[in-house]
Amino acid sequence: MDKIDRRLLNLLQDDASRTNAKLAVGLSPSSCLRRIRRLKKSGVISRVVALLAPAKAGRGLKAIVAVELERHGEQYMRDFLELAAQEPAVTQAYSVSGETDAVLMLRLTDMEEFDALCERLFRDRSNVARYHTMFVIRTAKEVTAIPL
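A. Structural context of the packing of helix 1 (residues 3–14) against helix 3 (residues 29–41). Where helix 1 meets helix 3, the closest approach of the two axes is 11 Å, and the angle between their N-to-C directions is 85°. When the axis of helix 1 is compared with that of helix 3, the two are roughly perpendicular. Each of Ile-4, Asp-5, Leu-8, Leu-9 and Leu-12 in helix 1 lies in contact with helix 3, whose residues at this interface are Cys-32, Arg-35, Ile-36, Arg-38 and Leu-39. When grouped by side-chain class, the residues that make up the contact of helix 1 with helix 3 number seven nonpolar, no polar and three charged.

Here it is in structure tokens:
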């Protein structure tokens, strides 16, 4: 990846709807397109998506949930993460180090949705020993761009 690739990637991360002509900083549009195709093929660009305003899309409630599992081991973690990944409100799910086993990022419509999600993920036979929820009051920074 050279300087031009990094510049293209920064521009795409800012606004992927730009045309090749607008992205072609010192390149022909066709050269720009070839570079972008190469970056996609190599996996540097994994996908191109639209970023929504969560509140305007009806998902203004954001929560971060730290989860401790009852039983540990790779299969137990994999099972829990697969269960969490099936939930539409779970936007990110991570296996983490430390006392917490997993961290989930949620985008919710309301507390009723949160309560129903808790029933499915954290109670009964879910292998969750305890969970701690933090509701986001104010966001200081939330970006999708990867620094290059």
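Continuing now.
B. Expanded view of the nonpolar core. Val-67, Phe-80, Leu-104, Leu-106 and Phe-122 are the most contacted members of the largest nonpolar core, which has 19 residues in total. Of all the secondary structure elements, the ones that give two or more residues to this core are strand 1 (61–69), helix 4 (74–85), strand 3 (102–108) and helix 5 (111–122). Looking at this core, the element that brings in the most residues is helix 5, giving five residues. Core analysis: the next-biggest nonpolar cluster, separate from the first, contains nine residues, Leu-12, Leu-23, Leu-39 and Ile-45 among them.

The rules behind each value
Residues numbered from 1 in each chain as written. Predicted model: local features only at pLDDT ≥ 70, side-chain atom pairs only at ≥ 80, totals over all residues. Heavy atoms only, no water. Axes fitted to C-alpha atoms, helices over the stretch in contact; angles between N-to-C directions. Helix = DSSP H or I, 4+ residues; strand = E, 2+ residues; numbered from the N terminus. Parallel < 35°, antiparallel > 145°, perpendicular 65-115°, else oblique. Contact = heavy atoms within 4.5 Å. Nonpolar A, V, L, I, M, F, W, Y, C, P; charged D, E, K, R; others polar. Core = buried A, V, L, I, M, F, W, Y, C linked by side-chain atoms within 4.5 Å. Buried < 20%, exposed > 50% of the residue type's maximum accessible area, 1.4 Å probe, protein only.

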